[in-house]
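What the coordinates show
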Amino acid sequence: MMKLLLVDDEELSLAYLKQIVNPWGYEVMTASNGKQAWEYLQSECEPVLAVVDWVMPEIDGIELCRKIKGRAEGHKIYVIMLTMRTDKDGLVLALNSGADDYISKPFHAEELRSRLQVGRRLLEYQYTLACLTEELICANLELNRMVSTDGLTEIANRRHFEERYKDEWRRAMREEIPLAVIMIDIDYFKKYNDFYGHIGGDHCLKRVAHALSQTISRAGDLVARCGGEEFAVLLPNTDNVGAIVVAEALRSAVNQLALEHYGSPSQLLSISLGVAASFPQQGGNSEELLKRADQALYQAKTAGRNNVRSISV
């Protein structure tokens, strides 16, 4: 039900207004002065129609309209100014102060009813539009999340990693700061899938993804699944030494899961990690850093897996 606020400091006028509007299907509230009306409007979170008398103590109708007009964006308020004035200067002053409509006393009840209906339709339209806009924003956010998130592990996917990598490469080049990448493989994952089945393999990927993402602490760092059992970590403003420290922490986090893996020589699940870091330069090849991280990962696997190898570009 649309809320209707009646504001008048004269008790008889207020009672008369309320008697007129009561049958029209509004939730009617009253205020005996502008200050009381302003306090109510500040606490209200739904659209409100307001019929406001011009002449009142403390805060008159004009000042109340100015306060409403100048408030922070929030719920919509449609104000009809009620006054004895009939001159054009009064009309202009009221509208410039923030009133949406203007009725001179004495008024006809049906005229007030019609003007309230206009205000009601406008508020309902604005409210519906605001709700639809909010729904659209939420839908777009969810769509963006789905597009950038790996469906199984619920961490960033390859697409999101590649987009962030390009952005961070440009930022590192502009600010002359280092950029590091860690490439990760789950050791002997094909054997894990063969022994435990694809459901077990999916569970394993989720556990590893969670361990990796929980280990990364800085807000700007990113963990992503790049396909199969492959993961990547993006570390802005991190040199080779710092990236190795992070990589060892990631390796330790997966080891601490103590997941059985009968296809591994150690009988436990582990990961291999390749680290590469550089100071991106103008005209440099951004793909080179990724290639070096892949090469470092290959070295880690060749060296027996469950270890970290690095290459500084």
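Here's a quick rundown of the structure. The structure displayed is predicted, hence computed values, not measured ones. Each chain has its residues counted from 1, following the order in which its sequence is written. With the structure being a predicted model, the display of local features is reserved for residues of pLDDT at least 70 and the display and counting of side-chain atom pairs for 80 or more, all residues being used for whole-chain, interface and lining totals. Hydrogens and water are ignored here; the side-chain numbers use all heavy atoms of the structure.

Remarks on the nonpolar core
Nonpolar cores are built from buried Ala, Val, Leu, Ile, Met, Phe, Trp, Tyr and Cys residues. Side-chain atoms within 4.5 Å join them into one set. Only protein chains enter the area calculation, which uses a 1.4 Å probe; residues under 20% of their type maximum are buried, those over 50% are exposed, and those in between are partly exposed. Ranked by internal contacts, the top residues of the largest apolar core, which has 28 residues, are Ile182, Ile184, Ile186, Leu212 and Phe231. Per element, the largest residue contribution to this core is seven residues, and it comes from helix α7 (residues 189-215). By definition in these notes, contact holds between two residues if any of their heavy atoms fall within 4.5 Å. In this structure, Leu212 is in contact with Ile184, Val223, Phe231, Leu250, Val254 and Ile271, ignoring residues within four places of it in sequence. Counting 24 residues, the second-largest nonpolar core is a separate cluster that includes Ala37, Leu41, Trp54 and Met56. Numbering of helices and strands runs from the N terminus, with a helix taken as a DSSP run of H or I at least four residues long and a strand as a DSSP run of E at least two residues long.

Topic: the sheet that holds strand β9 (residues 271-278)
In this description, strands pair whenever DSSP reports at least two bridges between them. Within the open sheet, the five strands sit side by side as β7-β8-β6-β9-β10. Their pairing is mixed. Looking along the sheet, the strands with just one partner apiece sit at the ends: β7 (222-227) and β10 (308-312). Adjacent strand axes in the sheet meet at a mean angle of 20 degrees, parallel and antiparallel pairs treated alike. Axis angles are defined between N-to-C directions and span 0 to 180 degrees, where every axis is a line fitted to C-alpha atoms and, for a helix, only to the segment in contact. Contacting β6 (179-186), β7, β8 (230-236) and β9, helix α6 (residues 158-175) runs over the sheet at an angle of about 25 degrees to β8.

Topic: the pairing of strand β2 (residues 27-31)
Pairing analysis gives five bridges linking strand β1 (residues 3-7) to β2, with the strands arranged parallel. For Val7, the partnering residue across the bridge sits in β2 and is Ala31. The definition of a right-handed crossover adopted here requires that, viewed with the strands pointing away, the path from the first strand over the helix to the second runs clockwise. A crossover links β1 with its parallel partner β2, the connecting element being helix α1 (residues 11-21), and its sense is right-handed.

What about the state of the cysteines?
Criterion for a disulfide: a pair of cysteine sulfur atoms within 2.5 Å. Considering all chains together, one arrives at zero disulfides under this definition. You can see Cys131 has no disulfide; the closest cysteine sulfur is in Cys138, sitting 11 Å from it.

Quick look at the packing of helix α3 (residues 61-70) against helix α4 (residues 88-97)
Following both chains from N to C, one finds α3 and α4 inclined at 30 degrees, their axes separated by 8 Å at the closest point. For the element pair α3 / α4, the angle class is roughly parallel. Contact residues: α3 offers Ile62, Cys65, Arg66 and Lys69, while α4 offers Leu93, Ala94, Asn96 and Ser97. Ten residue types, Ala, Val, Leu, Ile, Met, Phe, Trp, Tyr, Cys and Pro, are classed as nonpolar, four, Asp, Glu, Lys and Arg, as charged, and the remainder, Gly among them, as polar. The class makeup of the residues in the contact of α3 with α4 is four nonpolar, two polar and two charged. By the definition adopted for this analysis, an angle is roughly parallel if under 35 degrees, roughly antiparallel if over 145, roughly perpendicular if from 65 to 115, and oblique otherwise.

What about the side chain of Ser272?
Its location among the elements puts Ser272 in strand β9. As used in this structure description, the phrase polar contact means that two N or O atoms lie within 3.5 Å; if the pair is within protein, one of them must be able to donate a hydrogen and the other to accept it, and residues adjacent in sequence are counted only when both atoms belong to side chains. Only 3.2 Å separates the side chain of Ser272 from the backbone nitrogen of Asn306, close enough to count as a polar contact. What Ser272 contacts, discounting residues up to four positions off in sequence, is Met183, Ile184, Asp185, Asp187, Leu297, Ala300, Lys301, Arg305, Asn306 and Asn307.

Looking at the sheet that holds β2
Pairing within the open sheet is parallel, and its five strands lie in the order β2-β1-β3-β4-β5. Edge positions in the sheet fall to β2 and β5 (101-104), since each of these pairs with one other strand and no more. Between one strand and the next, the sheet's axes are offset by a mean angle of 20 degrees, whatever the strand orientation. Two elements, strand β3 (residues 48-53) and strand β4 (residues 77-83), share six bridges in a ladder whose sense is parallel. Opposite Leu49, over in β4, you have Tyr78 as the bridge partner. α1 rests against β1, β2, β3 and β4 of the sheet, and its axis sits at about 155 degrees to β1. In the packing of α3 onto the sheet, the strands contacted are β3 and β4, and the crossing angle to β4 comes to about 165 degrees.

Details of the environment of Arg218
Counting through the fold element by element, Arg218 comes out in the loop between α7 and β7. One polar contact links Arg218 to Asp221, side chain to side chain, over a distance of 2.7 Å.

Digging into the packing of aromatic side chains
Ring pairs shown here join Phe, Tyr and Trp side chains whose ring centres sit within 6.5 Å, with only the six-membered ring taken for Trp; geometry is labelled stacked below 30 degrees between planes, edge-to-face above 60, and tilted in between. Throughout the structure, instances matching the rule amount to eight aromatic pairs. Summarising the aromatic geometry, the rings of Phe161 and Tyr165 are spaced 6.2 Å apart at their centres and angled 15 degrees between planes, so their arrangement reads as stacked. Note that Phe161 and Tyr165 are positioned in helix α6 at a spacing of four residues, about one turn of the helix. Exposure remark for Phe161: the relative accessible area of 4% places this residue in the buried category. Take Tyr165: its relative accessible area is 3%, and that puts it in the buried class. Look at Tyr196 and Tyr262: their rings are 6.5 Å apart centre to centre, the planes differ by 20 degrees, and that puts the pair in the stacked class. Note that Tyr196 is positioned in helix α7 and Tyr262 in the loop between α8 (240-255) and β9, a separation of 66 residues in sequence.

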